[in-house]
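If you want the building blocks of each chain, they are given just below.
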Amino acid sequence: MNLYAINHRFHYELENLTRAFIPNEKISVLSADELPEVLEFPYILTQMEDDICVTVKADGFEKNLKSPKTDDNELAMATLLYELLKEYTETDLAWGLLTGVRPVKLFRKLKSEQGLEKAQAYFRSKLLVSDAKINLSKLTCDNEQKILNLSEKKSFSLYISIPFCPTRCSYCSFVSQSVEKAKHLVDPYVELLCRELCETAKIAKDLGLKLETVYIGGGTPTSLEPHHLRKILTTVQNSFDVSSLREFTVEAGRPDTITEEKLRAILESGCDRLSVNPQTLNPQVLKIIGRNHTVEQFYDSFNLARKMGFKHINTDLIAGLPEDTAQSFMHTMEGILELSPESITIHTLSMKRSSALTGDKMKLLREDSLRVSEMLKFAYDNLSLSGYEPYYLYRQSKMVGNMENTGWSKPGFEGLYNVYIMDETHTILACGAGAVTKLKDPLSDNIERIFNFKYPYEYNDRFSELLQRKSAIKPFYEKIL
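Residues numbered from 1 in each chain as written. Predicted model: local features only at pLDDT ≥ 70, side-chain atom pairs only at ≥ 80, totals over all residues. Heavy atoms only, no water.

It is not clear to me how the pattern of salt bridges should be interpreted in this structure. Could you clarify?
Pairs can form between side chains of opposite charge once their charged atoms are near each other. This model, assessed by the stated rule, comprises 31 salt bridges. Measuring nitrogen to oxygen at the nearest pair gives 3.1 Å for the salt bridge that ties D142 to K111. Placement of the pair is D142 in helix α5 (residues 131–148) and K111 in helix α3 (residues 103–114), with a sequence separation of 31 residues. Residue D142 is classed as partly exposed on the basis of its relative accessible area, which comes to 26%. For K111, a relative accessible area of 29% corresponds to the partly exposed category. (Salt bridge = Lys/Arg side-chain N within 4 Å of Asp/Glu carboxyl O. Helix = DSSP H or I, 4+ residues; strand = E, 2+ residues; numbered from the N terminus. Buried < 20%, exposed > 50% of the residue type's maximum accessible area, 1.4 Å probe, protein only.)

As structure tokens, this is what we get:
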């Protein structure tokens, strides 16, 4: 699909909106000086002249809309494009014009500046957001605020990356390596990770920063051996001042990597939140997505963690997985609710595959959108009835139905780190391969990033260079504290 942008600079938002309707189609953005004599089919033509004009021509569909210029021409043009793509695809988007990662952050800003009623009205009338998503935004915003209020000027969170997995899931886009293929990298990686943690702790201590949450993710942290886990966890406890720590999470993830010895190492480290993630309780779907564990292994791992004394267990599910029907997803949801985990995260599949835009694909897109909408409605309705509340929400590109990922919890069991990282509330000091430190100015929206090397072999080989990058943390804080 070619998107022609003539006499305006609204390329980014219009491209994202187009992708929300047709996520699997390659979109090429072309400006006025790239305009051919004959427009290449299929195309979207957006023009800013005497009026705002938008044309969509694809698969036998051709229609044009115009409107006068306004105080917000970008919004006016996006609205015209929305109406045309809605008619062309025969699909409505529950989030309307919103394509950003953090819709709740926008809702909170509008609510703070204009009040609740005007924030809701703007979402509904200007951004075309559905009542269901407006209500979800409000509930999430209210619950997030309680967590945001805990953060102080010198607060920070610690993220630790374990970029190893037993196998790679078909839907995954994270940088991780098979622990078997990368086995020779693990010992030196853990050794250097602990060195980075010690150096990072010294910086935090010198600056007088206050540690709020720790999150160990990946990858699959429990793909490591028990002695590796103990070494990392002990280093955190011995190096950082954990007297102010509110939450310590280990993302165990894959049930087939969980053992009693590993869980004991995690529990004895002071970890109070564990994530055990089935994604689905449909055995056939597990095989399709490349998850080698069984449904029984998930139940065994969850029950073992509960028996050993973990007080906060989170589970992740994904709506929209290949071959997963609405009925199958409902069965999964019912099975998880019977376990009564303290928190449940409902992800929507983010599609990584690409395909040509055809009538059949458009039909499939509509069917997938309806299927996921049904899944999410069932999940949210039953979570609410079971006493769970939404506490954080974010979105990704190419999500089925242009939906969202939402964290739900019983009151008092919200995942604090999830809120802080998505809201960009305070600094995240990050250690390990692929980790990104985000230095947050507490008095503004300014964020500076420090990138670690992506892959374990780079991390191991260029570790001294990585430590040099971390030296930028102190100057950042010296300017603002």
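Honestly, the sheet that holds strand β2 (residues 28–31) in this entry has me stumped. Any pointers?
Adjacent strands of a sheet pair through backbone hydrogen bonds, lying either parallel or antiparallel. Pairing within the open sheet is mixed, and its 5 strands lie in the order β2-β1-β3-β4-β5. On the outer flanks of this sheet lie β2 and β5 (61–67), each paired with one strand and no other. Averaged over all neighbouring strand pairs, the angle between strand axes comes to 15°, with direction disregarded. Two strands pair when backbone bridges link them, and strand β4 (residues 52–58) and β5 are joined in this way by 7 bridges, in the antiparallel orientation. The residue bridging V56 from the neighbouring strand is K63, located in β5. Running over the sheet, helix α1 (residues 11–21) touches β1 (2–6), β2 and β3 (43–48) and is turned about 155° from β1. Taken strand by strand, helix α2 (residues 73–89) contacts β3, β4 and β5, and its axis lies near 25° from that of β4. (Pairing = 2+ DSSP bridges. Axes fitted to C-alpha atoms, helices over the stretch in contact; angles between N-to-C directions. Contact = heavy atoms within 4.5 Å.)

Would you mind going over the packing of aromatic side chains with me for this structure?
Two aromatic rings are characterised by how far apart their centres lie and by the angle between their planes. Enumeration according to the criterion identifies 18 aromatic pairs in this entry. Consider the rings of Y380 and W408, whose centres lie 5.1 Å apart with planes at 35°: the pair is tilted. Residue Y380 is located in helix α12 (residues 359–385), and its partner W408 is located in strand β15 (residues 405–409); the two are separated by 28 residues in the primary sequence. Considered together, Y380 and W408 belong to a single accessibility category, that of buried residues. Ring centres 5.6 Å apart and planes at 65° place the aromatic pair Y459 and F463 in the edge-to-face group. By the burial criterion, Y459 is buried, and F463 matches it. Taken together, the ring pairs in this structure connect F164, Y189, Y459 and F463 into an aromatic cluster. Geometry around F453 places R469 over its ring, the cationic atom sitting 4.3 Å from the centre. (Phe/Tyr/Trp six-rings, centres within 6.5 Å; stacked < 30°, edge-to-face > 60°. Lys NZ or Arg CZ within 6 Å of the ring centre and 35° of its normal.)

I keep staring at the pairing of strand β6 (residues 155–162) and nothing clicks. Help me out?
The side chains of a regular strand alternate between both faces of the sheet. Across the 8 residues of β6, 8 count as buried, placing the element largely inside the fold. Of the two faces of β6, the one carrying S155, S157, Y159 and S161 and the one carrying F156, L158, I160 and I162 are both buried. Bridge count for β6 against strand β9 (residues 210–218) is 8 bridges, and the pairing is parallel. Paired with S155 across the bridge in β9 is K210. Where β6 lies against strand β16 (residues 427–431), 5 bridges are found, and the strand directions are parallel.

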